[in-house]
Amino acid sequence: MAEMIFTRNFHLADSHTLARYKETGGYTALTKAFRMEPAALAEEVKKSNLRGLGGAAFPTGMKWGFIPKGSTAPRYLVINADEGEPGTFKDRYLMERDPHGLIEGMIIAARAIGSHLGFVYIRGEYVQPWRVLDGAVREAYAAGLLGKNILGSGADFDIVLHRGAGAYICGEETGLLSSLEGKKGWPKIKPPFPAVKGAFGNPTIVNNVETIMAVPHIVNRGAEWFAGLGTKGQGGTRVYSVSGHVEKPGIVEAPVTVTLRQLIYDHCGGIRGGRKLKGVVPGGSSAAILTPDEIDIPMDADGPKSKGSMIGSAGIIVMDETVSIPEALMVVSRFYAHESCGQCTPCRESTGWIYKMTRRIVEGKGRKEDLDTILDVAKRGAGTTICAFYDGAVGPYISYIEKYRSEFEDLIRSNAHA
Amino acid sequence: MTDARHPQFTPEQLAEVRRLQGLYPDKRGALLPVLHMAQDTFGYISLEVEEYVAGLFDLYPAHVHEVVTFYTLFFQKPKGRHVVSVCHNISCYLMNAKGIVQHIGERLGIEPGETTPDGRITFLTVECLCACEQAPMMQVDDRYEGNLTNDKVDRILDGLR
């Protein structure tokens, strides 16, 4: 049986309670962390090869080190629980089933970066995860694990739960900070990076839910152990979200050495109804689609990249042979058109027009120049915007058309004759 | 009588507004939580509610308006007693979200974005709610309902009064 870290208690009905969390070793890492120097904690996380599990796969320990040395301004720890990448649902499970794992991780991370105030930004639709986490935070305060002088250590740390209000862009870390400040969720120009000038103008570290939940385990069992579970580029296990045409959709925790083929065929029972695989998106809808001959790759930060895609949020969307790729691209394009925040012209205009073009192709009004127009617009806009949203949209635009071009062309041609 | 045209929080709610404002380094951080509270209290965020909330934050109403209009969970006109939001993004699309949307539309006799004439249900299509393992799925008020079939949808809709 492979090592389970994040989901080890998920089979227990009361895994979200403080009593059960403590009984299974919870909050022992905190006691250990209070005896360690903050710099040593950050160093341990750096050595563990933990990479951000929200989407960007940035090395976590290195991110923590970006707060300017000697800065005396208040520092904030902000947890990105604005899960929204299509095909991803792991953070929902993590918050509902192991909320104290997140709280313990936050207290330790706060010690490492010198923060006394943390926020959890939860998407507004996640009412149930918010309720469970709110209950756990109350339990933690009552037990002296949050607030002033935690467990007699002299450390102070407060957690504020903050509900979003429906906007995918708030999962982008600077869009999230704008929203946390009570504004529309417009991303901010970097630099300055949040670690220098983040929430309310002060140094801020933004980490994903799952990323922070790895921290207590790293503290308890050591950086070498965590790094040893993974590949050269990334340590640990992670929680994959698998949806679409597999027999058993759901979350799967596995070491990041697991291959995409293993996730689909061994962990999730293969393609529904014994059908054939047509394509699979490995890291949430912003990742480029992979064809059936591209799935023998490790699902760490580097595997999907070697095929021109990305691990992203590790949301795996499986499409069988019955799927119309042009129609799938229309559905994905509609999403990006709807969610573009409108701040940068290339993104606002291109997402809207590309959705219109994919829709007319699907509706039988496609023109033969449409495909090259979409590719041209997609490639020109990439890299020209404030945040990575448009680069994410470009992933599907280009890969769906380039890898399944004949299907688009057949659709356009058959309509021309109709 | 306080409503979306004549909004006024109770003294207890005003104390809660001040508590929320105190949680943030700048009180404006509490704007989204207070707007959630206002919507729960007054039913939707009318221009009058925007102006009222702006007053609680020492902001111009235009600042509150640009926030309200940015987020999908804030309603600018009255909504039904229940809100049914069907995900039509990629994983739900792969599992027949289109059929579910069509079925609900026929069953309620309205299009996505509309409210039944009796004010019972507002019907929306929405982007990914991140419960793709239960596709096709929808949100009914506060709760997620997944693995939808037409029969299951009928039972759920019949249960909404």
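Residues numbered from 1 in each chain as written. Chains lettered and ligands numbered in written order. Predicted model: local features only at pLDDT ≥ 70, side-chain atom pairs only at ≥ 80, totals over all residues.

Caption draft 1: Highlighting the overall build of chain B. Within chain B, the regular secondary structure consists of seven helices and four strands. The secondary structure elements of chain B, listed N-terminal to C-terminal, are α-α-α-α-β-α-α-β-β-β-α. Its C-alpha atoms give chain B principal-axis dimensions of roughly 50 × 35 × 25 Å. Among the 161 residues that make up chain B, the fraction classed as buried is 39%. (Helix = DSSP H or I, 4+ residues; strand = E, 2+ residues; numbered from the N terminus. Buried ≥ 20, exposed ≤ 12 C-beta atoms within 10 Å, placed from the backbone.)

Caption draft 2: The interface of chain B and chain A, seen in detail. If you look at the interface, chain B gives 33 residues, while chain A gives 43 residues. Elements supplying a minimum of two residues to the side of chain B that touches chain A: α2 (31–42), α4 (61–68) and α5 (90–94) of chain B. Residue composition of the side of chain B that touches chain A, grouped by class: 21 nonpolar, six polar and six charged. (Contact = placed C-beta atoms within 7 Å. Nonpolar A, V, L, I, M, F, W, Y, C, P; charged D, E, K, R; others polar.)

Caption draft 3: Here's a closer look at the nonpolar core. Residues and elements named next belong to chain A. By size, the foremost hydrophobic cluster in this structure holds 178 residues, and its most contacted members are Leu 263 and Val 280. At nine residues, helix α6 (residues 99–113) tops the list of elements feeding residues into this core. Filtering out sequence-adjacent residues up to four positions away, Leu 263 remains in contact with Tyr 240, Val 242, Val 252, Ala 254, Val 258, Cys 268, Met 299 and Ile 316. (Core = buried A, V, L, I, M, F, W, Y, C linked by C-beta atoms within 7 Å.)

Caption draft 4: Representation of unusual backbone geometry in the model. Across the junction of Lys 190 of chain A and Pro 191 of chain A, the peptide omega takes the value -5°, indicating a cis bond. Note that Pro 191 of chain A resides in the loop between α8 (173–180) and β4 (204–208). Here the bond from Pro 191 of chain A into Pro 192 of chain A is cis, since omega is 5°, no more than 30 degrees from zero. By the secondary structure assignment, Pro 192 of chain A is in the loop between α8 and β4. Even without a glycine there, the phi angle at Asn 49 of chain A is positive, about 65°. With respect to the element layout, Asn 49 of chain A can be found in the loop between α3 (38–47) and α4 (60–64). Take Asn 49 of chain A: there are 26 C-beta atoms within 10 Å of it, and that puts it in the buried class. Phi is positive for Cys 130 of chain B, which is not a glycine, with a value near 60°. You can see Cys 130 of chain B is positioned in the loop between β2 (121–126) and β3 (138–140).

Caption draft 5: Representation of the sheet that holds β3 of chain B. Residues and elements named next belong to chain B. Read across the open sheet, the four strands follow the order β2-β1-β3-β4; overall the sheet is mixed. Whereas interior strands pair on both sides, the edge strands pair on one side only; in this sheet they are β2 and β4 (143–145). Neighbouring strand axes in the sheet, compared pairwise and without regard to direction, differ in orientation by 25° on average. Relative to β2, strand β1 (residues 82–87) is paired through six bridges, and the arrangement is parallel. Across the sheet, His 82 pairs through a bridge with Ile 121, a residue of β2. The sheet contacts of helix α6 (residues 97–108) involve β1 and β2, and relative to β1 the element is tilted by about 150°. (Pairing = 2+ DSSP bridges. Axes fitted to C-alpha atoms, helices over the stretch in contact; angles between N-to-C directions.)

Caption draft 6: Just the packing of helix α13 (residues 345–362) of chain A against helix α14 (residues 370–381) of chain A, in detail. Residues and elements named next belong to chain A. At their nearest, the axes of α13 and α14 sit 10 Å apart, and the two run at 160° to each other. In terms of orientation, α13 and α14 fall into the roughly antiparallel class. Our pair here, α13 against α14, has a crossing hand that is left-handed. In contact with Pro 346, Cys 347, Ser 350, Trp 353, Ile 354, Met 357 and Ile 361 of α13, α14 contributes Asp 370, Thr 373, Ile 374, Val 377 and Gly 381. (Parallel < 35°, antiparallel > 145°, perpendicular 65-115°, else oblique. Left-handed = near helix turned anticlockwise from the far one by under 90°.)

Caption draft 7: View of the pairing of strand β6 (residues 250–255) of chain A. When you tally the buried positions in β6 of chain A, you get five out of six residues, the bulk of the element. The antiparallel hairpin formed by strand β5 (residues 237–244) of chain A and β6 of chain A contains five residues in its connecting segment.

Caption draft 8: Looking closely at the domain arrangement of chain A. Residue and element names in this part refer to chain A. Examined at the domain level, chain A breaks down into domain 1 (18–229), domain 2 (237–320) and domain 3 (325–417). Distance from the C-alpha centre of domain 1 to the C-alpha centre of domain 2: 27 Å. Each partner contributes to the interface: domain 1 provides 15 residues, whereas domain 2 provides 18 residues. In terms of residue count, helix α5 (residues 90–97) provides more of the side of domain 1 that touches domain 2 than any other element does, three residues in total. Taken together, the residues of the side of domain 1 that touches domain 2 break down into seven nonpolar, four polar and four charged. (Domains from an automatic or database assignment.)

Caption draft 9: Region of the structure containing helix α3 (residues 47–57) of chain B. All names here are of chain B. Residues of α3 that are buried include every one of Val 49, Glu 50, Tyr 52 and Val 53, and no others. Around the axis of α3, the buried residues are gathered within 165° of arc, so they sit on the same side. Backbone geometry just downstream of α3 places Asp 58 in the positive-phi region, at approximately 55°. (Arc of directions from axis to C-beta.)

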